[in-house]
Amino acid sequence: MLELTDLARRYGDVVALDGISFSVAPGQLYGFVGPNGAGKTTTMRIVLGVLAPDRGEVRWRGKRVDAATRSRFGYMPEERGLYPKMRVRAQLVYLARLHGAQPAEAAAAAGRWIDRLGLTERAGDRVETLSLGNQQRVQLAAALVHDPELLVLDEPFSGLDPVGVDVLSGVLSEYAATGVPVVFSSHQLELVERLCEAVAIVKDGRLVASGTVDELRGSDGRTVRVAVAGEDGDGWLAAVPAAETVSRGRDGSLLVALTDGATPEEVLDAARRAGTVTHFSLERPTLTDLFRKAVAT
Amino acid sequence: MRRSAVRLVARRELTERVRERSFLVGTCVSIAIIALVVVLPPLLGLDEQDRYTVGAVGEQAAKVAEAARAGAGAFDAEITVRRVEPDGADTELRDGELDAVLTDDVLRSREKPDDKLVGVLQAADREVRSGAALREAGLSEGEVRAALSPEPLRVSTIEPVDDRRDSLGGLAFFTILILYGQLLTYGFWVASGVVEEKASRVVEILLSTIRPRELLAGKVIGLGLLGLAQLLLVAAVGLLVATATGAVDVDSDLLIAVGLSLLWFVLGYAFFACAFACAGALVPRLEELQASATPLTLTIMISLFIAFAVNSDPEGTLAHVSAFIPFTAPMTLPPRILVGAAPWYEVVGGAVVTLAAAAALIPLAARIYSGAVLRTGSAVKLRDAWRARSAA
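Every chain begins its residue count from 1, and numbering advances along the sequence as written. Here every chain gets a letter starting at A, and every ligand a number starting at 1, in the order they are written. Thresholds applied to this predicted model are a pLDDT of at least 70 for local features of residues and 80 or more for the giving and counting of side-chain atom pairs; totals over whole chains, interfaces and linings are not thresholded and use all residues.

**Q** A description of the overall build of chain A should follow, citing residues and the corresponding values.
**A** Here a helix means four or more residues in a row that DSSP labels H or I, a strand means two or more in a row labelled E, and each is numbered from the N terminus. Across its full length, chain A carries 10 helices and 14 strands. A principal-axis box enclosing the C-alpha atoms of chain A has dimensions of 75 × 45 × 35 Å. The buried share of chain A, taken over its 297 residues, is 41%. For chain A, the share of sequence-separated contacts (at least 6 apart) that also reach a separation of at least 24 residues comes to 68%. As a rule, residues whose C-beta atom has 12 or fewer other C-beta atoms within 10 Å are exposed, those with 20 or more are buried, and those in between are partly exposed; C-beta atoms are placed from the backbone. Contact criterion: two residues are in contact if their C-beta atoms, reconstructed from the backbone, are within 7 Å.

**Q** Which residues make up the overall build of chain B, and what are the values?
**A** Helix and strand counts for chain B stand at 15 helices and four strands. C-alpha atoms of chain B, sized along the principal axes, occupy 105 × 45 × 35 Å. Of all 392 residues assigned to chain B, the portion counted as buried reaches 39%. Sequence-distant contacts, at least 24 apart, represent 76% of the contacts inside chain B between residues at least 6 apart.

**Q** Hey, could you go over the interface of chain A and chain B for me, with residue numbers and the actual values?
**A** Each side of the interface is counted separately: chain A has 23 residues, and chain B has 19 residues. When residues of the side of chain A that touches chain B are traced back to their parent elements, those giving at least two are α2 (67-70) and α3 (88-98) of chain A. Ranked by residues supplied to the side of chain A that touches chain B, first place goes to α3 of chain A with four residues. Only Asp, Glu, Lys and Arg are considered charged, only Ala, Val, Leu, Ile, Met, Phe, Trp, Tyr, Cys and Pro nonpolar, and every remaining residue, Gly among them, polar. Considering only residue class, the side of chain A that touches chain B consists of 15 nonpolar, four polar and four charged.

**Q** So what's going on with the packing of helix α10 (residues 252-281) of chain B against helix α14 (residues 344-372) of chain B? Residues and values would help.
**A** When two helices pack together, their arrangement is captured by the angle between the axes and the distance separating the axes. Residue and element names in this part refer to chain B. To get an axis, a line is fitted to the C-alpha atoms, and for a helix only the part in contact is used. The angle between two axes follows their N-to-C directions and goes from 0 to 180 degrees. Axis separation between α10 and α14 bottoms out at 8 Å; the angle between their running directions is 20 degrees. Of the possible angle classes, the one that applies to α10 and α14 is roughly parallel. The chirality of how α10 crosses α14 is left-handed. Facing Leu267, Ala270, Phe271, Cys274, Ala275, Ala277, Cys278 and Ala281 of α10, the residues of α14 in contact are Ala351, Thr354, Leu355, Ala357, Ala358, Leu361, Ile362, Ala365, Ile368, Tyr369 and Ala372. Counted by class, the contact of α10 with α14 contains 18 nonpolar, one polar and no charged residues. Throughout, the term roughly parallel applies to angles under 35 degrees, roughly antiparallel to angles over 145, roughly perpendicular to angles from 65 to 115, and oblique to all others. Rotating anticlockwise by less than a right angle from the far helix to the near helix defines a left-handed crossing, while the corresponding clockwise rotation defines a right-handed one.

**Q** Describe the nonpolar core, with residues and values.
**A** When a protein is soluble and globular, its nonpolar side chains tend to lie buried together. By size, the foremost hydrophobic cluster in this structure holds 156 residues, and its most contacted members are Leu92 of chain A together with Ala277 of chain B. Once residues lying within four places of it in the same chain are set aside, the contact partners of Ala277 of chain B are Val190, Ala191, Val194, Leu216, Lys219, Val220, Ala365 and Tyr369 of chain B. Ranked by size, the runner-up nonpolar core spans 22 residues in total, among them Ala61, Ala72, Val101 and Leu121 of chain B. Joining buried Ala, Val, Leu, Ile, Met, Phe, Trp, Tyr and Cys residues through C-beta atoms within 7 Å gives a set, and that set is a nonpolar core.

**Q** Please give an account of the sheet that holds strand β1 (residues 50-56) of chain B that cites residues and values.
**A** Residues and elements named next belong to chain B. A pair of strands is considered paired only if DSSP assigns at least 2 bridges between the two. Overall, mixed pairing links the four strands, which are arranged β2-β1-β3-β4 in an open sheet. Among the strands making up the open sheet, the edge pair consists of β2 (77-83) and β4 (107-108). Helix α3 (residues 59-71) contacts β1, β2 and β3 (100-102) of the sheet and is inclined by roughly 155 degrees relative to β2.

**Q** How would you summarise the environment of Leu153 of chain A if you had to cite specific residues and measurements?
**A** Residue and element names in this part refer to chain A. Within the element layout of this structure, Leu153 appears in strand β7 (residues 150-154). On the neighbour-count criterion, Leu153 (24 C-beta atoms within 10 Å) is buried. Distance in space between the C-alpha atoms of Leu153 and Pro53 is 19 Å, their sequence separation being 100 residues. When sequence neighbours within four positions are dropped, the list of residues in contact with Leu153 reads Met76, Ala143 and Phe184.

**Q** Any chance you could break down unusual backbone geometry for me, citing the residues and the numbers?
**A** Residues and elements named next belong to chain A. Of note in the backbone geometry, Arg61 takes a positive phi value of approximately 55 degrees without being a glycine. Backbone geometry places Asp204, a non-glycine residue, at a positive phi of 50 degrees. Along the chain, the position of Asp204 falls in the loop between β9 (198-203) and β10 (206-212).

**Q** Please give an account of the packing of helix α13 (residues 329-339) of chain B against α14 of chain B that cites residues and values.
**A** Residue and element names in this part refer to chain B. Packing of α13 against α14 brings their axes to within 11 Å, and their N-to-C directions diverge by 160 degrees. If you check the angle between α13 and α14, you find them roughly antiparallel. Handedness of the crossing formed by α13 with α14: left-handed. Along the contact surface, α13 presents Ala329, Pro330, Leu333 and Ile337, while α14 presents Val347, Gly350, Val353 and Thr354. The class makeup of the residues in the contact of α13 with α14 is six nonpolar, two polar and no charged.

**Q** Go over the pairing of strand β4 (residues 55-60) of chain A with me, naming the residues and quoting the values.
**A** Residue and element names in this part refer to chain A. Examined bridge by bridge, strand β1 (residues 2-11) and β4 share five bridges and lie antiparallel to one another. Residue pairing across strands places Leu4 opposite Val58, the latter belonging to β4. Summarising the sheet, β4 and strand β5 (residues 63-64) pair through two bridges and their orientation is antiparallel. When the bridges of β5 are listed, Trp60 appears paired with Lys63. Two successive antiparallel strands, β4 and β5, enclose a turn made up of two residues, where Arg61 displays a positive phi of approximately 55 degrees.

**Q** Which residues make up the sheet that holds strand β14 (residues 277-283) of chain A, and what values go with them?
**A** Residues and elements named next belong to chain A. The strand order across the open sheet built from four strands is β12-β13-β11-β14, with neighbouring strands paired in antiparallel fashion. Only two strands of the sheet have a single neighbouring strand rather than two, namely β12 (243-248) and β14. Across the sheet, the mean angle from the axis of one strand to that of its neighbour is 25 degrees, orientation sign disregarded. The pairing of strand β11 (residues 223-228) with strand β13 (residues 254-258) spans four bridges and is antiparallel. If you follow Arg225 over to β13, its bridge partner there is Leu255. Across the sheet, helix α9 (residues 264-274) touches β11, β12, β13 and β14, and the angle it forms with β11 is around 10 degrees.

**Q** So what about the environment of Arg375 of chain B? Which residues, and what values?
**A** For Arg375 of chain B, the position within the fold is in the loop between α14 and α15 (382-387). A residue is classified by how many C-beta atoms lie within 10 Å of it, and Arg375 of chain B, with 17 of them, is partly exposed.

**Q** Could you give an account of the pairing of β1 of chain B, naming the residues involved and the relevant values?
**A** Along any regular strand, the residues point their side chains to alternate faces of the sheet. Residue and element names in this part refer to chain B. Pairing geometry for β1 and β2, over seven bridges, is parallel. Paired with Arg51 across the two strands is Glu78, which belongs to β2. Look down the strands so they point away from you; if the path from the first strand over the helix to the second goes clockwise, the crossover is right-handed. With α3 bridging β1 and the parallel β2, this β-α-β connection has right-handed handedness. Here β1 runs beside β3; their pairing, made up of three bridges, is parallel. Looking at the pairing, Gly55 lines up with Val101 of β3.

This is the structure:
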């Protein structure tokens, strides 16, 4: 279990984090989302000890995290980086050794990841001569080569093509399945919704929502999609003051959010008065909907 | 600080740098220069005796030339004498076959003759004519000889004369140059290594598993060992070539002096390397390194000029003062040690001052480095780096 308690950090006068707390269970794929500048990278850097927090603490398996513990974490920073002139295999072995692996272990692990990520033929090449996609693979291998107990990845999917996204999703799910908590940040909310069991949404250095994806989606549930034949506008909805349009689908259907005690039945009645109802359903909000709502307030 | 982490970083710096072509080329050039410096002078005949061929026309001239040949050794010269006919003499002079032609009372040459040759021949001429005059006056052969070859003046100096100082002065000059090149090169390698890690952003991965101090220490130690090994190689080749060609007398004094010079590289490097690491940590890109390293480059340059001045006057005030300044001592003391002009208390005192300065600088450098190394966006002010709180 990874526990973050009340993390706070300022850069001069700028407040980057203002009391972030959440925890990640063993084997959980945990999505960390929020607008740019919300404090995601700062949080991850604090977990990895690259930055020190002004306040709060990070605990791993019940104990405060120290340098020895951190060397068993795996990290992929947002700003990708490897030694450009170092050869792929030598680089991975070196990083594994820095994390405390013995020479033989390090060599074996580097070989395993090189094969697994399809880099076998480029293992002896300098990193700078690799394509961007292959460099990303080496970067992933760098985070995994020492068999980490915890994985923290900052925007791991950015810049990947669809095949790369699939490979990475597979590797992360597989890793989580072995009991390793995997925390990653992303702006690709559909992907986060599909992959992650739990998420945290941050804004301006504060946590605005967190929990399992199911909980978060179920907690709302007060959205309906309705389509009325021949009606393009939402003028008829004025009959229900406590309902408002969230968005309009391409098929002319309306996504309607209910507030202040308005019920789906009232919306349905109003729709029927306006014309023939061709579609009516209770909608569970997507993570994107939740995100928009969370960061708008 | 974990030793294993420092050792890993140091080993990477060493092995990666050795594989670079620029390192290989640099080493070869250094060795080539030192070999040339040792081998070239004898090859070009620079250190050999002056040799002259003198033509003699007539008996009287032949006597003078013969006397000149006998007395040339005292002038550090060697003279070959040949009898020539008056007709062909000018042609041989013009062709360079002869350096000078003597007749009864004329010394003839193609251009203005060499001062040394003139000196030798005039002295010989004086000797022959004076001898003839004395004999005419009735002196016996023994009396003539006694009158013409009096006991030469003895030379004495206030300061003791070390015959080797001249040849060692040249060696000291190259020692200064090599130390200067090595300190500057390896200082820049430390700085550019730091910038490279910042620019490629690999530093964030590194710092997620090791501390800034460990990274700094490993880098400085690794490159320092490489610099020392390279110097050892260059020194060994230089000494071998010197022994083989007999250019310099290699004895235990010289070996100790060379060893001490190597030690001074270590001291100087310890002082400058950390400062260079800070210069690197403050800038985000290699292009900006020149600017942030300028104060350090200037300091080394000034030390170079002071070292040249000290080398030409190894006992002067500047020599004594600069021995106790941390950044000049590593370059002014080794040449003085080589020529035997540095008293032991200055060597020890200079080493203590330099080591103390390095020891004081290292924690400051570590703090500035830690505060600046993660700020990859733009150049960091020294003050901000000092105040920044870094990793736990």
